[in-house]
Amino acid sequence: VEEGCYHQAILFDLTPATAYNIQVQKSPGTWHEDTYRVRTAPMKDKGGGGFRFAFVGDLGLEGRSDGLATGTPRVIDLIDKWNVHLVLLGGDYAYYQTDKRYGSLENSIDKFFEQIQPFARKSVIMPTYGNHEYKLDETLRPWKQRFSVPQGLNNRDSFYAFTVGKIRFVSIMTGDSHTSSPIDQDVLRWIEKELSSSSKDPNINWVIPFCHVSPFADGGSHPSNLALRKILGPMFERHGVRLVLNAHDQNYERTLPVHNISLETGGYEVTTREVKCYDAKTKGTVYIKTSPGGKLSNKGMGFSRFMTKVPPKYTAVRDQHHHHVLHVEVSDDDYSEIIVTCWGVPNRAEEGASRIIDQFRYTLGRDGGCPVPRTTAEQASARSGARAAGFLEKINFLVGGLPGLTTGSEVEAAADPPNRINDVIIASDGRSTKLHQNAKKAHDRGVTAAEFVLQPKDLEDGTM
C-alpha cells in the first residue's frame, strides 16, 4: 500500500438515466490511463431502463492466511458483472482484528477499496457499518473518510438516508451482536422521524432500511439480536416498512412477512405463508439476512450452521452452504415493483458456478398484484423442469438453493409431519414415492430432519 493523498470530486447537475465517462487528471497535462464509466438512475416517473442495486456484507480481504476469505474474489466478480447502479455495503469489511497483514488499519482499508474496484469504479457505493468497524480493533473515522454520504443525525453519518427514484434507503449502524448499541434515544427519535416522513411522502414507494446485525437469525455464529428486534421491529411495522436488509450471521435467511413484534419478548406473528410474491395488500415486514459476502466465520471456521433442523416458523427460505449477495431489480416505469434475487457463490471455484438461492417479487402496481396460484402441474414444471404433472400440491422452497431440482441437490427433510420437506409440501394422494418414503423413514426413526440426494429421474412422469 502506497502513501499518498486522497482526492475528492463532487459532480453536480447530473442528468437522470445517463452514462458518464470520467477520467482522472494526475498532474497538469497528465491523465490516468483508465476511463471510469458511471450511470445515473432513472427518474422516478419516466422510466429509463430500470434501476438495479446489490447488497453485500461480510467481505473480508482475500488472501488471508487462515483461508477464510477464499470466496471474496468471486463475490466481487459477480457484482462486477451485474453492472448495477448502486451497491449497498452491509458492514464488516476488512476484519482488521484477525487480519493485520498490511500493518495499520488505514492500510487495510486502502486494500479493501483496491479489492472492490471492479464494481466500485462504476457503481455508487453506500455503506452501513458493523461490529468490526465499530469496536473490534477498528474505529469509524478512517472508514468514514473514504465514503461520501449525506449528513444524517446531528451530522453523524453513521445514521443517514438517501433517495433513488421512489426508494428511500435508510442506513442504520448496528455495532453489537447482542445489544442495540450504539442506538440510543436520539437515534430512535431520528429513525422514527425519518420513517414517518418517508412513509407519508407520495413520491416514495419503498422505504428500505439496511443495517449489519440481524434481528432474525438462526445461525450459531450470530443468533437473532432480540434487542434490535424489539426496538426496531414495531417501528418498521408502524410505518409500513416492507423490506429490511442485513448481514452479520454467515448464512442466508429470508423471513416471511412478520408483524406484531412484542416490545417485551420479541415474539412475532407471520402474516402469510406465501414465499414467491407479495403485493400492496401484504401486511408485515420481510427481513433478508444476506451473508457472508466472501469471509467465513472465525467462530466455526466456516459458514454459520443453523441451530435448528426444523426452520423457525418465520422462515421463507434459508441456505448455509454458500456465500450470498442480493441483486434487486426495480421496475422502470414507476418503481412499483421489485424482484429480489439471492445468489449463492460456492466457497471454492471447484465447487461449481454461482446459482440462484432465492427469488421473490413484490409489487405495488394498480393493475395487478400476485398472480392466481398456478395448478400443481404448473408449479411442479416451473420448479423442476420435469413432467411432474398433478403430483406436487404446493412448492414454497427452492430446494438446495437451486432454481430447479437437479442432480446432487441437497434437501433437508423436516419429517414432522413426515410428508413435509422444509416448505416443499407433498401431495397427499396416497402415492408411495421416494420422497415420501425417505421422509417417512426419518419420521419412523424419530429423526426430525435428514439430508438426502434427489435425482432428476425421481421427478419424471410425476413420480419420485
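Preceding this section is the structure that the text describes.
Just so we're clear, the structure is a prediction, and the values are computed from it rather than from any experiment.

### Focus on the overall build of the protein
- Regarding its fold elements, the protein presents 9 helices and 23 strands.
- For the protein, buried positions account for 53% of its 464 residues.
- Partitioning the contacts of the protein with sequence separation of at least 6, the portion at a separation of at least 24 is 72%.
- Working note: accessible area of the protein is about 20,400 Å², and carbon and sulfur atoms make up 49% of it.

### Thoughts on unusual backbone geometry
- Pro182 follows Ser181 through a cis peptide bond whose omega is 5°.
- Within the secondary structure layout, Pro182 lies in the loop between β7 (167–172) and α6 (185–200).
- Backbone torsion omega between Ser291 and Pro292 reads -15°, so that peptide bond is classified as cis.
- One non-glycine residue, Asp58, lies in positive phi territory at about 55°.
- Structurally, Asp58 can be placed in the loop between β3 (51–56) and α1 (72–82).
- Non-glycine residue His248 carries a positive phi angle of around 85°.
- Tracing the chain through its elements places His248 in the loop between β9 (243–246) and β10 (252–255).

### Some thoughts on the state of the cysteines
- Evaluated as defined, the whole model comprises 1 disulfide.
- The disulfide bridge from Cys277 ends at Cys370, spanning 2.3 Å between sulfur atoms. On the sign convention where negative means left-handed, the S-S torsion of about -95° between Cys277 and Cys370 marks this disulfide as left-handed. Placement of the pair is Cys277 in strand β13 (residues 277–278) and Cys370 in the loop between β18 (355–363) and α8 (376–384), with a sequence separation of 93 residues.
- A relative accessible area of 26% means that Cys370 is categorised as partly exposed.

### Quick notes on helix α2 (residues 105–115)
- Listed as buried for α2 are Leu105, Ser108, Ile109, Asp110, Phe112, Phe113 and Gln115.
- On its buried face, α2 is in contact with α1, β4 (86–89), α3 (117–120) and α5 (140–144).

### Regarding the sheet that holds β13
- Reading across from one edge, β5-β4-β3-β16-β17-β18-β13 is the order of the 7 strands in this open sheet, with mixed pairing throughout. A strand with exactly one partner marks an edge of an open sheet, and here the two such strands are β5 (124–127) and β13.
- Most of the contacts of α1 go to strand β16 (residues 323–330), to which it runs at about 10°, and overall it touches β3, β4, β16 and β17 (337–345).

### As for the nonpolar core
- Ranked by internal contacts, the top residues of the largest apolar core, which has 92 residues, are Phe53, Leu88, Trp143 and Phe169.
- Beyond its immediate chain neighbours, meaning those up to four positions away, Phe169 contacts Phe51, Phe53, Leu86, Leu88, Tyr160, Ala161, Phe162, Val164, Ile208 and Phe210.

### Remarks on the pattern of salt bridges
- On inspection of all chains with the given rule, the structure shows 18 salt bridges.
- A salt bridge links Asp218 to Arg318, with the shortest nitrogen-to-oxygen separation between them at 2.9 Å. Residue Asp218 is found in the loop between β8 (206–210) and α7 (226–238), and its partner Arg318 is found in strand β15 (residues 315–319); the two are separated by 100 residues along the sequence. Note on accessibility: Asp218 and Arg318 belong to one class, buried.
- For Lys289, the salt bridge identified is with Asp249, shortest N-O distance 2.7 Å. Separated by 40 residues along the polypeptide, Lys289 in strand β14 (residues 286–290) and Asp249 in the loop between β9 and β10 bring together distant segments of the chain.
- Overall, the relative accessible area of 0% leaves Asp249 in the buried class.
- Through salt bridges with shared partners, one network takes in Asp249, Glu253 and Lys289.

Reading the values: rules and limits
- Residue indices begin from 1 for each chain and proceed along its sequence in written order.
- Residues qualify for local features only when their pLDDT is at least 70, as the model is predicted, and side-chain atom pairs are given and counted only at 80 or more; totals for whole chains, interfaces and linings, by contrast, use all residues.
- Only hydrogens and water are removed before side-chain values are computed, so all heavy atoms of the structure are retained for them.
- The way it works is that DSSP assigns letters per residue, a run of H or I at least four long becomes a helix, a run of E at least two long becomes a strand, and they are numbered from the N terminus.
- Buried residues are those whose accessible area, probed at 1.4 Å on protein chains only, stays under 20% of the maximum for their type, while exposed residues exceed 50% and partly exposed ones sit between those limits.
- Working rule for contacts: check all heavy atoms of both residues, and any pair within 4.5 Å makes them a contact.
- For the area figures, the Shrake-Rupley method with a 1.4 Å probe applies, and any residue is considered shielded solely by the protein chains shown.
- Note on terminology: pairs of cysteine sulfur atoms within 2.5 Å are recorded as disulfides.
- DSSP-based pairing: two strands are paired if at least 2 bridges between them are found.
- To obtain each axis, a line is fitted to C-alpha atoms, and for helices this fit is confined to the stretch in contact; angles are then taken between N-to-C directions over 0 to 180 degrees.
- Put simply, buried Ala, Val, Leu, Ile, Met, Phe, Trp, Tyr and Cys residues joined by side-chain atoms within 4.5 Å make one nonpolar core.
- Take a side-chain nitrogen of Lys or Arg and a carboxyl oxygen of Asp or Glu: if they are within 4 Å of each other, that pair is a salt bridge.

Interpretation note: all reported values are geometric properties and have no functional meaning in isolation.
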